[in-house]
Every structure is written in structure tokens, then in C-alpha cells.
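Each chain, letter by letter, is given below.
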Amino acid sequence: MQRDDRGLELTTSSASAAEALSRAAASLVSHRLDTMAHVNAALEADPGCVLARVMKGLLVVGVRLPHRYPEAQAELDAAEAASGGANEREKGYLAALSALIRGRTLDAVSHYEMILAANPRDLLAHRLAQFELFWIGESVWMRNIVERGAPTWSADVPGFSAFQAMRAFGCEENGLYADAERYGRDAVERDPTNGWGAHAVAHVMEMQGRHEDGIAWLDGLKDHWAELNNFVHHLWWHRSLFHLLRGEFGTVLEIYDRDIRNPEAPLIKANPGHYGDFQNAVDLLKHLDMYGYDIGDRWEAVADLAEDRIGNHAAPLSSAHVATALAAAGRDAALEAYLTALRGYASMDETNNAARVRSAVLPAAEGAIAHQRGDHEAVLGNLLPARHSLWQIGGSHAQRNLFTQILADSAQRLGREHVVDMLLEEMAQTGFAHPAERLRPPGARMH
Ligand SMILES: [Fe+2]
């Protein structure tokens, strides 16, 4: 028996495997590139290490590509075969992986919660629970888990910076901006490479409309992101949002081409279909399009990625964005195939995600398609009744806001000022300061 760097028991006799697993967890919570390398090192040291096997499976499931789930299942099978002496915590991870492969996200989160009830310092379980809940929009649940563990954490526990970043993000998505900024800044002061901490504070600034602060904050940290995985593109997406708020559309596009969707960037080349990258790209192009800014032929490459995602229902926000991209590129045949697959999934599947597709993804997709086709009555028809369900698409307030803006844009184009006022009031209730500045800005600078 070994222990990880927070003292939690690991069923392995190999000290090297235990060390590699601690490094893998640190890498995962920090969005670094080398997570799988550390997991593989742990397996090399002890091929029967249950948690290493499960972690490998969780990394596969984490990329949200169901055609790769058999790889995760193979790791699960190997872990189960080796799990005779596994402890309760490790069995909890096994159960979580099994649930995720079957699309049972809420079951998986419940397994993480049970792990955390007994082991509140399990950094990996905290991160994985936050990840899953974030992607289905369960922000209250997400914060509760971190706060429940907080009394057992302090600066002398390894990984405290990562924990503070999770605490910051939980607060931010629940509108507790002062706490979120305090924890997020603390996370980054302890570790300037902490991308999740930088991200939480950027979200606070986004919600509060503090574009100048946001640009300065991210600009001051960008040199610390060299080891980050594709999440670094999401940080640049946040940077772009601040320029978007200022009407600096040319700068948004420069950042898009250089730091978000640069086909020559090694991270993009290695993983061109990354779901987060796809979401960032669709969001920015749709915003620019909606504001009337010329984005050239950039939809084409993104629509290619969207076509590859037809039939993939593992990530609700990405599913909704597929509709936006295909409609924008005028790919009607692909859109039909996409909608057929999505409706079939929504009506026949039994997983947690299917319910979310029914109540949120489908109306969002149909709203985005109607908007692109200039059928603004249909946008209102789809999105007004669904707008209070859109949180189920997952992601952050900032990410989901695209659909509110699409709805408000259609209401504006129809001259329905009372609807626009209602939506602005609701955006303010959600936590957005100065929501009117986010609508098609008549005085925006087109450079
Ligand atoms: Fe974000």
C-alpha cells in the first residue's frame, strides 16, 4: 500500500506508481499536457494499479468522443479484473467510470460525492465532479461539493492552489463574485500557471463587464501558460470576449486566427476536433457574424468540425453549437442529418443527457438555425419558451449567453422592444452587468 501526496491510500506496492499518479492528478487539475504521460508512467511501474487504469479510462471519456469509449471500457475491464484488493475510494472511481461510459453523468457525480464524503481532500474527485457538473450546468451542486470540502483544506495541503481555483469557479457561477475573485486571485498568487484560477477571475470580470481589467489580468498571466493543454485556447477566448465587449472586432479576429483556431498551432494539429476549441470558435464567429462583422470564409473549417460531430451527444453545449456552425455555412443536408440524429437520441435514449437534449439542446439548435435563416419569429417561438431551461446545455453563463443574445437579436430585428427589455432584465438577474452593451452595438468600432 502506498499513499498519494495528500496522504490518501493507493492500492499498489510501487512507490513509483504512486508518485506518477500524484503527478497525473496535479497535471489534470492544472489542465497541463502531460497528464496521460504520468498515468502511463504509473501503469508502467505497476500495470495492475487500479486507480491508474481507471484514470486512463476517465481521460478517454473526458474528451467526449463516444467512438473512443471502447478504449475506456477496456481500461475499466482491466481495472475491474485487478480490483480484488482495491479500497472503497478506488471502487468509487471504478463505479464513476462505468457510469460515464453509459452516459449516466449524475450517477458518476454521486460516486465522486461519496468518495469526497469520506476523503474531502481527494483533489482528483473534486476536479472530476466539478468538470461533470459544469458541463451539464449544475452550478449550485457544483459549488456545494467544493464548499463541503473546504474546511479540510489549507495552504499546507498539496494542491491547495488548484482547490482554491475550483472554489473560485464554484462561487463565480453562483454569482458570488467577490468570493470568486478572492479565491481565484489567491490560487494564481500561489501558482501563476494555474489556468483554472486565471479563468475563474476572468469569468468574474466578464460578468461584471470589466473589459479593461480582464484584458490586463489575462495579459499579465499569458506567459505562464506554456504547459497548458487546449484549455489555453479557452483562456484566449475569454480574452477575445473582453475585446468583443469593447467593439474591437478586428482584434477579436486576430486573436481567433493566432491563439484560438490557428491551424498551424501544435495543439490544434494534434487534436483538431477538441470540443472546447470547437465551442470557442463557434461562439466567437457567431458573435462577430451577428454584429455584422466580415469573418470571411472562417465558417467553412468550423463547419467541417461540426459535421464530424453529428451523432455525438456526449456534450450538450457542443451539440447545440453544431447547429449554429452548420446553419452558418449553409450545410442544409448535414443539418438534416444532425437534427434527425439529435431528435432520435432525445426520444429514445435513457441517459441523463437525453433529457437535456429534449428540453434545452433541441430548442437552442432550432433557434440558432432559424436565426441564421432570418426567420426571427421562429427564433422567438423556439427560444422564448426554452430560455429558462437553457442552463441544462451546460457550460458557463458566459458560454450559454450566445443563445440569449441570438434571441435578443431576433427580438431587436422584429422591433419587439418589450421582449428585448425583458431579456435584458433577465440577463441582469443572471449576473451580467450592463447587459444592453452586449446587444448589437450600433456604435461599435469596426476595426
Ligand atoms: Fe470559461
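Residues numbered from 1 in each chain as written. Predicted model: local features only at pLDDT ≥ 70, side-chain atom pairs only at ≥ 80, totals over all residues. Heavy atoms only, no water.

Broken down by element type, the chain carries 23 helices and two strands. For 447 residues, the compact-globule estimate of 2.2 N^0.38 gives 22 Å, and the C-alpha radius of gyration of the chain, at 22 Å, lies within 12% of that figure. Dimensions of the chain, computed from C-alpha atoms along their principal axes, come out at roughly 70 × 45 × 40 Å. Put simply, the chain has 447 residues, and 60% of those count as buried. The long-range fraction of contacts in the chain, counting pairs at least 24 apart against all pairs at least 6 apart in sequence, stands at 65%. When the accessible area of the chain is evaluated, it comes to approximately 16700 Å², of which 51% is carbon and sulfur surface. Between the averaged position of the 42 positive side-chain charges in the chain and that of its 60 negative side-chain charges there is a distance of 2 Å. (Helix = DSSP H or I, 4+ residues; strand = E, 2+ residues; numbered from the N terminus. Rg over C-alpha atoms; globule rule 2.2 N^0.38 Å. Buried < 20%, exposed > 50% of the residue type's maximum accessible area, 1.4 Å probe, protein only. Contact = heavy atoms within 4.5 Å. Areas by Shrake-Rupley, 256 points an atom, 1.4 Å probe, with all protein chains shown as cover. Lys, Arg positive; Asp, Glu negative; His and termini not counted. Charge placed at Lys NZ, Arg CZ, Asp CG, Glu CD.)

Next up on the list: the coordination of the iron ion. Within the first shell, the iron ion binds the protein through H199 (NE2), H203 (NE2), H234 (NE2) and H238 (NE2), at distances of 2.1 to 2.2 Å. One way to put it: the four donor atoms around the iron ion meet at angles of 88 to 178 degrees, and that makes the site irregular. Each donor residue of the iron ion belongs to the same chain, and together they define the spacing H-x3-H-x30-H-x3-H. In this pair, H199 is assigned in helix α11 (residues 195-207) and H234 in helix α13 (residues 231-245), connecting sequence segments 35 residues apart. Neither H199 nor H234 differs from the other in exposure class; each is buried. (Donors = N, O, S within 2.8 Å, 3.2 Å for Na, K, Ca; no water. Tetrahedral: all angles 85-135°; square planar, octahedral: opposite > 155°, others 65-115°.)

Residue placement: N401 occurs in helix α22 (residues 397-413). Its relative accessible area of 4% is what places N401 among the buried residues. Ignoring sequence-local partners within four residues, the contact set of N401 consists of M427, F432 and R438.

The phi dihedral of H31 is positive, around 55 degrees, even though this residue is not glycine. Topologically, H31 is positioned in the loop between α1 (15-29) and α2 (35-45). By relative accessible area, which is 11% here, H31 ends up buried. The phi dihedral of H434 is positive, around 50 degrees, even though this residue is not glycine.

For the rest of this paragraph, the subject is the packing of helix α16 (residues 275-290) against α22. Where α16 contacts α22, the axes come no closer than 11 Å and their chain directions differ by 20 degrees. By the angle class used here, α16 and α22 are roughly parallel. The two elements α16 and α22 cross, and the hand of that crossing is left-handed. Of α22, the residues touching α16 (which contributes Q279, D283, K286, H287 and M290) are Q399, L402, Q405, I406, D409 and R413. Its residues placed into classes, the contact of α16 with α22 shows three nonpolar, four polar and four charged. (Axes fitted to C-alpha atoms, helices over the stretch in contact; angles between N-to-C directions. Parallel < 35°, antiparallel > 145°, perpendicular 65-115°, else oblique. Left-handed = near helix turned anticlockwise from the far one by under 90°. Nonpolar A, V, L, I, M, F, W, Y, C, P; charged D, E, K, R; others polar.)

What follows covers the confidence of the model for the chain. Within the chain, residue pLDDT values average 95, and 98% of them lie at 70 or more. A low-confidence stretch, residues 442-447 (pLDDT under 50), is modelled with 16 contacts involving residues beyond four sequence positions or located in other chains. (pLDDT = per-residue confidence, 0-100.)

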